[in-house]
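# Commentary on secondary and tertiary structure
Here's the letter readout for the chains.
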Amino acid sequence: MSLIERDQKVIWHPYTQMKNAQQPIPIKRGEGVYLFDEDGNKYIDAVSSWWVNIHGHAHPHIAQKVAKQLTELEHVIFAGFTHEPAVQLAERLLPLLPGKQEKVFYTDNGSTAVEVALKMCLQYWSNSGHTKKTKILAFKDAYHGDTFGAMSVSGRSIFTNPFNELLFDVEFIDLPNAGNIENLKSQISNLKSQLCCFIFEPLILGASGMLMYEAKYLDELLAACKANDILTIADEVMTGFGRTGTYFACEQLSNNPDIFCLSKGLTGGTMPLGVTTCNHKIFEAFLSEDKLKTLYHGHSFTANPVACAASLASLDILLAPETLANIKRIENQHQQFFKQIEKHPKVKTIRQTGTIIAIEWQTGDDTSYLNGLRDQLYNYFLNKGIILRPLGNIIYILPPYVISNDDLAYIYNSIQQALEEI
Ligand SMILES: *Cc1c(COP(=O)(O)O)cnc(C)c1O
């Protein structure tokens, strides 16, 4: 039996209608920005394997550090015990984050990093005796993950429909802009006695279609939250580690959030790990002689040493000057491509922040995720050896930072061709 046949017997793939899904492509190996299938076909991973890969596949430095860690300590319970990779990663990560982030709480992925952030905020208020501050503020089109808490603070969509009744009530607001910012600010101050925290994806809402908004309005929202005693959570699961042109998107703000959620690029995309960091104010609210004020949360693989070692190796590469130069280079290439196609009649909207560029295809009326155009575009690029996974009629490039200008040019040309042909 071929790998595809064996796969189809035993595997249930994510975000996939298994009834009529296209056959999965068996990938044998990765190198840099390329993935190679069983037949030796090469694909440019233009979406960084679901936004996680930042330094390219099978990076030798990460591989070496991971292999070494596996021979020393593969895992240990993290309650009552500690280890060098977890401590060192926290020591190196905290000073990189804007504001004074003081503690790292480890989890397994982006969704659980969000769950912990929400619990920290909710329990912050209950520990402090404010039982009415239980409502969470979030963006209408947000995506914060697929577990129930993370789904609750995400926009209601076709993905959440079967569960909507069970999701807790959230105060949703529109993305801020010049026209609505004053309104949003008064909405926030009117609800201040109930509002526990504001969770947001800074600068870019990823899963809802790479929606971008301006730092200055987010800054105003954060200032309003601060003024009204509402905690703030930056979900940098996607934007973290250089995606937006700075190491963290929140570096582009003057107000700092209380909490950060990180995952995806944390290990360089090598393996799962999540981190929730907080400032002194949050941490202090849990310090007590009263055991009930403890944060009772933990996962079996909390602070897995191998995942921490991968993260440390990824940080080495991220902080090397070449990486920041690569990020700026990709940003420049994107900006030039932007100018070339922005006036094309098939380009409905186009937007770019840092290493991410998104193009919304002009369609008829139906612009939903289920639109057939999505599959057409997906296959078009796959046939050209490019992995672009459109969100409905929105295609975006979100590449590993090692992508060459030649490969970028090839992707841009293919998109221009698609604009003529599809
Ligand atoms: C992907 C994502 C998550 C969820 O992360 P998982 O590791 O897939 O659970 C949360 N927030 C944002 C902004 C994301 O892009």
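Residues numbered from 1 in each chain as written. Predicted model: local features only at pLDDT ≥ 70, side-chain atom pairs only at ≥ 80, totals over all residues. Heavy atoms only, no water.

Selection rule: UniProt positions are given in the numbering used here, feature names are shortened, and annotations may be inferred rather than shown by experiment.
Identification of the chain as Adenosylmethionine-8-amino-7-oxononanoate aminotransferase from Pedobacter cryotolerans is taken from an unreviewed UniProt entry. The annotation that UniProt attaches to the chain under Cofactor (unreviewed entry) is "pyridoxal 5'-phosphate". You can read under Sequence similarities (unreviewed entry) in the UniProt record for the chain the words "Belongs to the class-III pyridoxal-phosphate-dependent aminotransferase family. BioA subfamily."

## Side note on the nonpolar core
Here is the rule: Here, nonpolar core means buried Ala, Val, Leu, Ile, Met, Phe, Trp, Tyr and Cys residues that are tied together by side-chain atoms lying within 4.5 Å of each other. With a 1.4 Å probe rolled over the protein chains alone, any residue whose accessible area is under 20% of its type maximum counts as buried; one over 50% counts as exposed, and the rest are partly exposed. Every helix listed is a DSSP run of H or I at least four residues long, and every strand listed is a run of E at least two residues long, numbered separately from the N terminus. Where a domain begins and ends is set by an automatic assignment or by a domain database. Between two residues, a contact is recorded if the distance between any of their heavy atoms is within 4.5 Å.
Counting residues in hydrophobic clusters, the biggest one holds 94 residues, and the most contacted among them are F139, F198, M210, W361 and I415. Here this core takes 7 residues from helix 8 (residues 215–227), the largest share from any one element. Shared between two domains, this core takes at least three residues from each, and those domains are domain 1 (3–58 + 321–421) and domain 2 (73–319). In contact with F139, not counting residues within four places along its chain, are G155, F172, I173, D174, L175, P176, F198, I199, F200, L205, Y213 and L221. Membership of the second largest hydrophobic core comes to 27 residues, among which are Y124, I136, A138 and I199.

## As for the site of the ligand
The condition that has to hold: Residues are classed as near a molecule or strand on a simple rule: at least one heavy atom within 4 Å of it. Within 3.5 Å is the distance limit for a polar contact, defined as a pair of N or O atoms, with the added protein rule that one can donate a hydrogen and the other accept it, and that residues adjacent in sequence qualify only through two side-chain atoms. Only the protein chains shown count as cover for residues, and the accessible areas themselves come from Shrake-Rupley with a 1.4 Å probe. With a 1 Å grid spanning the protein atoms alone, the term cavity applies to any set of points in which a 1.4 Å probe fits but cannot get out, the term pocket to an open set with protein on both sides within 12 Å along at least five of seven lines, and the term lining residue to any residue with an atom within 4 Å of a point. Grid points define the cavity or pocket, and a molecule sits in it when more than half of its atoms lie within 2 Å of them. Three categories are distinguished: nonpolar for Ala, Val, Leu, Ile, Met, Phe, Trp, Tyr, Cys and Pro, charged for Asp, Glu, Lys and Arg, and polar for the others, with Gly belonging to the last.
The local shell around the ligand consists of W51, N109, G110, S111, Y143, H144, G145, E201, D235, V237, M238 and K264. G110 places a main-chain nitrogen or oxygen 2.8 Å from an oxygen atom of the ligand. One of the side-chain N or O atoms of D235 is found 2.7 Å from a nitrogen atom in the ligand. Here the ligand loses 83% of its free accessible area of 380 Å² to cover by the protein chains. For the ligand, the cavity whose grid points lie within 2 Å of the majority of its atoms is the second largest pocket. Tallied by class, the residues present in the shell around the ligand amount to 4 nonpolar, 5 polar and 3 charged.

## Points about helix 7 (residues 181–190)
For the α-helix, the turn length of 3.6 residues means that residues three or four positions removed from each other point alike. Spelled out, the test is: Within this analysis, the arc is defined by the directions that extend from the helix axis to the C-beta atoms.
Listed as buried for helix 7 are I181, L184 and I188. In an axial view of helix 7, the angular spread of the buried residues amounts to 60 degrees, which keeps them on one side of the axis. Turned more than 90 degrees away from the buried face of helix 7, the exposed residues are E182, N183 and N190. Those residues of helix 7 that are buried lie in contact with strand 5 (135–139), strand 6 (170–173), strand 7 (195–200) and helix 8.

## Notes on the packing of aromatic side chains
Under the convention used in this document: Between rings of Phe, Tyr and Trp, where Trp is taken as its six-membered ring, a pair exists when centres lie within 6.5 Å; planes separated by under 30 degrees are stacked, by over 60 edge-to-face, and by other angles tilted.
Here the structure, examined in full by the defined rule, presents 13 aromatic pairs. For the ring pair Y124 and W125, a centre distance of 4.8 Å and an interplane angle of 90 degrees mean the geometry is edge-to-face. Comparing Y124 with W125, the two get one shared label, buried. Aromatic pair F139 and Y213: ring centres 5.3 Å apart, planes at 70 degrees, arrangement edge-to-face. One end of the pair, F139, is in strand 5; the other, Y213, is in the loop between strand 9 (211–212) and helix 8, with 74 residues separating them in the sequence. For Y213, a relative accessible area of 8% puts it in the buried group. Of the aromatic side chains, those joined through ring pairs into one cluster are F139, F198, F200 and Y213.

## Here's the deal with a nonpolar patch on the surface
The criterion, for reference: A patch consists of residues exposed above 30% relative accessible area that lack any salt bridge, with like charges linked at up to 9 Å and nonpolar side chains (Val, Leu, Ile, Met, Phe, Trp, Tyr) linked at up to 5 Å. Note on definitions: salt bridges are taken to be side-chain nitrogens of Lys or Arg within 4 Å of carboxyl oxygens of Asp or Glu.
On the surface, a cluster of nonpolar side chains totalling about 370 Å² of accessible area is made up of Y15, W50, I158 and F159. Relative to the assigned elements, I158 resides in the loop between helix 6 (148–152) and strand 6. I158 sits in the partly exposed class, given a relative accessible area of 44%.

## Some points on the pattern of salt bridges
One pass over the structure, following the stated rule, counts 12 salt bridges. One salt bridge connects K135 with E171, and the closest N-O pair in it is separated by 3.6 Å. Taken as a pair, K135 in strand 5 and E171 in strand 6 lie far apart in primary sequence, 36 residues in all. The exposure class of E171 is buried, given its relative accessible area of 19%. Via salt bridges that share partners, K135, D169 and E171 belong to a single interconnected network.

## Structural notes on the UniProt feature "modified residue: N6-(pyridoxal phosphate)lysine" (unreviewed entry) in the chain
Residues given the UniProt feature "modified residue: N6-(pyridoxal phosphate)lysine" (unreviewed entry) here are K264. Turning to its location among the elements, K264 is positioned in the loop between strand 11 (259–262) and strand 12 (274–279). On the basis of relative accessible area, K264 is assigned to the partly exposed category, the value being 23%. Leave out the neighbours within four places in its chain, and K264 touches W50, W51, V52, V237, M238 and G269.

## Description of the sheet that holds strand 14 (residues 356–361)
For clarity, the threshold we go by: DSSP bridges decide pairing: two strands pair if at least two such bridges lie between them. The convention used is that axes are lines fitted to C-alpha atoms, helices contributing only their stretch in contact, and that angles between N-to-C directions extend from 0 to 180 degrees.
Spatial ordering of the open sheet is given by 13-14-16, a layout of 3 strands whose pairing is antiparallel. Each edge of the sheet is formed by a strand with only one pairing partner; in this case those strands are strand 13 (347–353) and strand 16 (394–397). Here the average twist between neighbouring strands, direction ignored, is 15 degrees. The pairing of strand 14 with strand 16 spans 4 bridges and is classified as antiparallel. Paired with I357 across the bridge in strand 16 is I397.

## Let's talk about the side chain of S311
By the secondary structure assignment, S311 is in helix 10 (residues 305–319). Judged by relative accessible area, S311 falls into the buried class, the value being 0%. Excluding its chain neighbours within four sequence positions, the residues that come into contact with S311 are L89, L266, T267 and L273.

## Here we look at the side chain of T232
Tracing the sequence through the fold places T232 in strand 10 (residues 231–235). Residue class for T232 comes out buried when judged on its relative accessible area of 1%. Beyond its immediate stretch of four places on either side in the chain, T232 contacts F198, F200, L222, C225, N256, P257, D258 and I259.

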